[in-house]
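An overview of the molecular structure
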Amino acid sequence: TAPPAGSRALKTRGNTPKYGLIFHSTFIGRAAAKNKGRISRYLANKCTIASRIDCFSEVPTSVFGDKLREQVEERLAFYETGEPPRKNLDVMKEAVVEANEVVAEVKRKQEKKEKKKKKREKRQLEALAAAAEVENSVLETEENDIEPKKKKKKKQQELEDEAALEENGLEEEALPKKKRKLTVEADQEEEEEEEKKKKKKKKKEKE
């Protein structure tokens, strides 16, 4: 019932209102004055059925709502012309058949969407994996290129250091032990040969 009318009835201890917000419906406005109460109760009944169907159905469809609306239209025509409306059982059977078809189509569409999503996810994962492999290969090539450069730099530095030591007269200190021994032995041999030559000259002069 409408709140102002209900509170007024409680205060005055009069009769409660016969109609509530449903009285503003176009179906009740189209009915004659004597049939307004009957059509309002019928409309309320169909609204409760529709709300229950929407609550407990897994996939929402508009099939049952359309069929219930047709029933209300048929009931209005019955009040005006006397044509008998269809039975509720026949109408609900038709609605169930149509609803099953609609639900099957909706499920097919959902399955297609899920398959497309899975395919997209697989493609994204493959693309990410390929990008990671490319990055790893690039890093490996860069590391391989950097190592010979470092070796070349070391060789150049060694050569520069040797040249600087030669200029400063410090070549002997920079040489390793083995090279030092070889140079010392070579110097000793040269000195011995020079001494031998001097002795030979002295002998020749005496003769």
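Residues numbered from 1 in each chain as written. Predicted model: local features only at pLDDT ≥ 70, side-chain atom pairs only at ≥ 80, totals over all residues. Heavy atoms only, no water.

**Considerations on the overall build of the chain**
- Tallying secondary structure elements over the chain gives seven helices and zero strands in all.
- Moving toward the C terminus, one meets the helices and strands of the chain in the order α-α-α-α-α-α-α.
- Within the chain, the fraction of its 207 residues that count as buried is 14%.
- The contacts in the chain between residues at least 6 apart in sequence include a share of 44% that link residues at least 24 apart.
- Total accessible area computed for the chain in this model is approximately 18300 Å², and 52% of it derives from carbon and sulfur atoms. (Helix = DSSP H or I, 4+ residues; strand = E, 2+ residues; numbered from the N terminus. Buried < 20%, exposed > 50% of the residue type's maximum accessible area, 1.4 Å probe, protein only. Contact = heavy atoms within 4.5 Å. Areas by Shrake-Rupley, 256 points an atom, 1.4 Å probe, with all protein chains shown as cover.)

**Some details on the pattern of salt bridges**
- Scanning the entire structure with this criterion turns up six salt bridges.
- The salt bridge partner of Lys-67 is Glu-94, with a shortest N-O separation of 3.6 Å. Placement of the pair is Lys-67 in helix α4 (residues 63–81) and Glu-94 in helix α5 (residues 88–168), with a sequence separation of 27 residues.
- Relative accessible area serves as the criterion here: at 9%, Lys-67 is assigned to the buried category.
- Glu-74 serves as the salt-bridge partner of Arg-86, at 2.9 Å between the closest nitrogen and oxygen. One end of the pair, Arg-86, is in the loop between α4 and α5; the other, Glu-74, is in helix α4, with twelve residues separating them in the sequence.
- On the basis of relative accessible area, Arg-86 is assigned to the partly exposed category, the value being 33%. (Salt bridge = Lys/Arg side-chain N within 4 Å of Asp/Glu carboxyl O.)

**Quick look at the nonpolar core**
- Counting residues in each nonpolar core, the largest one holds nine residues, listed as Phe-27, Ile-28, Ala-31, Ile-39, Tyr-42, Leu-43, Val-72, Leu-76 and Tyr-79.
- Broken down by secondary-structure element, the contributors of at least two residues to this core are α2 (26–30), α3 (36–56) and α4.
- With near-sequence residues (within four places) excluded, Ala-31 lies in contact with Lys-36, Ile-39 and Leu-76.
- Grouped together as the second largest cluster of nonpolar side chains are seven residues, Val-63, Phe-64, Val-91 and Met-92 included. (Core = buried A, V, L, I, M, F, W, Y, C linked by side-chain atoms within 4.5 Å.)

**Remarks on the side chain of Gln-71**
- On the secondary structure map, Gln-71 appears in helix α4.
- The exposure class assigned to Gln-71 is buried, which follows from its relative accessible area of 2%.
- Of the polar contacts made by the side chain of Gln-71, one reaches the side chain of Asn-88; its length is 3.0 Å. (Polar contact = N/O pair within 3.5 Å; in protein donor to acceptor, adjacent residues only side chain to side chain.)

**Brief notes about the packing of α3 against α4**
- For the pair α3 and α4, interaxial distance at closest approach is 10 Å and the crossing angle is 170 degrees. As far as their axial angle goes, α4 and α3 are roughly antiparallel. Contacts between α3 and α4 pair Arg-38, Ile-39, Tyr-42, Leu-43, Lys-46, Ile-49, Ala-50 and Ile-53 from the former with Phe-64, Leu-68, Gln-71, Val-72, Arg-75, Leu-76 and Tyr-79 from the latter.
- Residues belonging to the contact of α3 with α4 are distributed by class as follows: eleven nonpolar, one polar and three charged. (Axes fitted to C-alpha atoms, helices over the stretch in contact; angles between N-to-C directions. Parallel < 35°, antiparallel > 145°, perpendicular 65-115°, else oblique. Nonpolar A, V, L, I, M, F, W, Y, C, P; charged D, E, K, R; others polar.)

**Details of the confidence of the model for the chain**
- For the chain, mean pLDDT is 79; residues scoring 70 or higher make up 79% of the total.
- The secondary-structure element of the chain with the lowest mean pLDDT is helix α6 (residues 171–174), recorded at 46, while α4 shows the highest, at 92. (pLDDT = per-residue confidence, 0-100.)

**Remarks on α3**
- End to end, α3 covers 31 Å across 21 residues, agreeing with the expected 30 Å (1.5 Å per residue, within 8%).
- Those residues of α3 that fall on the buried side of the exposure criterion are Lys-36, Gly-37, Ile-39, Ser-40, Tyr-42, Leu-43 and Lys-46. (Expected span 1.5 Å × (residues − 1).)

**Points about the packing of aromatic side chains**
- In total, this model carries one aromatic pair according to the counting rule given.
- Judged by centre distance (6.0 Å) and plane angle (50 degrees), the ring pair of Phe-78 and Tyr-79 falls under tilted.
- Note on Tyr-79: relative accessible area 16%, which makes it buried. (Phe/Tyr/Trp six-rings, centres within 6.5 Å; stacked < 30°, edge-to-face > 60°.)

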